[in-house]
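# Working through the structure, step by step
Here is how the chains run, residue by residue.
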Amino acid sequence: MLRHLLPALIRRPFARYSHAVEVPAGARLLLVSGQLGISADDAIPDSAEQQAEICFRAISACLAEAGMSAADVVRINAYVTDRAHMAGYMAARDRFTVDPPPASTLMIVSGFTRPEFKVEVEVLAAKA
């Protein structure tokens, strides 16, 4: 069972995430590579939110392949190419996550392998 931590001695999270998640000894770990906002038919939507949706669908497929779900996600690392993309990304992330939410980091980066990409998301999942 995952243990989500929100220590009373530090500020509450800025958004929907936990400050820390403890994984029990012996849990299986799944590390999902960074997923980009490109569909199986190579379409890349213009919207950062739509790209993030594709990222989370791909992550969901990886989780399912391992017998896991969004409830098993311990940490999300996400990257966007502009502050303007944060709200769209966060909306898609919040639809993907369950309660209690995982630990999460969001970084603004200068770009990805192709200029059309606005979002990349990777996760770490654990299941006992």
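Quick look at the structure, then.

Reading the values: rules and limits
Residues numbered from 1 in each chain as written. Predicted model: local features only at pLDDT ≥ 70, side-chain atom pairs only at ≥ 80, totals over all residues. Heavy atoms only, no water. Core = buried A, V, L, I, M, F, W, Y, C linked by side-chain atoms within 4.5 Å. Buried < 20%, exposed > 50% of the residue type's maximum accessible area, 1.4 Å probe, protein only. Helix = DSSP H or I, 4+ residues; strand = E, 2+ residues; numbered from the N terminus. Contact = heavy atoms within 4.5 Å. Salt bridge = Lys/Arg side-chain N within 4 Å of Asp/Glu carboxyl O. Pairing = 2+ DSSP bridges. Right-handed = clockwise from strand over helix to strand, strands pointing away. Axes fitted to C-alpha atoms, helices over the stretch in contact; angles between N-to-C directions.

### Digging into the nonpolar core
In terms of nonpolar packing, the biggest core is built from 21 residues, with Ile76, Tyr89 and Val121 touching the most fellow members. Secondary structure elements with two or more residues in this core: β3 (28–36), α1 (48–65), β4 (73–80), α2 (86–96) and β6 (119–127). Of all the elements, α1 adds the most residues to this core, at 6 residues. Those residues in contact with Tyr89 that sit more than four places away from it in its chain are Ala52, Phe56, Ile76, Ala78, Val80, Ser104, Leu106, Val119 and Val121.

### Some points on the pattern of salt bridges
Between side chains of opposite charge, a pair can form as their charged atoms come close. Applying the stated rule across the entire model yields 7 salt bridges. Ionic pairing is found between Glu53 and Arg95, a salt bridge with its closest N-O pair at 2.3 Å. Of this pair, Glu53 sits in helix α1 while Arg95 is found in helix α2, placing the two residues 42 residues apart along the sequence. Across the pair Arg114 and Glu116 runs a salt bridge whose closest N-O atoms are separated by 3.1 Å. Relative accessible area serves as the criterion here: at 38%, Arg114 is assigned to the partly exposed category. Overall, the relative accessible area of 37% leaves Glu116 in the partly exposed class. Here the salt bridges share partners, and the residues they tie into one network are Glu49, Glu53 and Arg95.

### Side note on unusual backbone geometry
A cis amide bond links Asp99 to the next residue, Pro100, at an omega of -10 degrees. Non-glycine residue Asp42 carries a positive phi angle of around 70 degrees. Tracing the backbone shows Asp42 in the loop between β3 and α1. A residue is classified by how much of its surface remains accessible, and Asp42, at 57% relative accessible area, is exposed.

### Side note on the pairing of β4
Side-chain positions along a regular strand alternate between the two faces of the sheet. Summarising burial for β4: 7 of the 8 residues are buried, a large majority. Bridge count for β4 against β6 is 7 bridges, and the pairing is antiparallel. By the bridge assignment, Val80 is partnered in β6 with Val119. Examined bridge by bridge, β4 and strand β5 (residues 103–108) share 6 bridges and lie parallel to one another. Bridge pairing in β5 places Ile76 opposite Ser104. In this fold, the crossover linking β4 to β5 by way of α2 has right-handed handedness.

### Concerning the sheet that holds β4
Taken together, the 4 strands give an open sheet; going across it, the order is β3-β6-β4-β5, and neighbouring strands pair in mixed fashion. Edge positions in the sheet fall to β3 and β5, since each has one partner strand and no second. For this sheet, the mean angle separating the axes of adjacent strands, direction not counted, is 10 degrees. Across 7 bridges, the pairing between β3 and β6 is antiparallel. Counterpart to Leu29 in the pairing with β6 is Ala126. Strands in contact with α1 are β3, β4 and β6; relative to β6, the strand with the most contacts, it is inclined by about 30 degrees. Sheet contacts for α2: β4, β5 and β6; angle to β4, the most-contacted strand, approximately 160 degrees.

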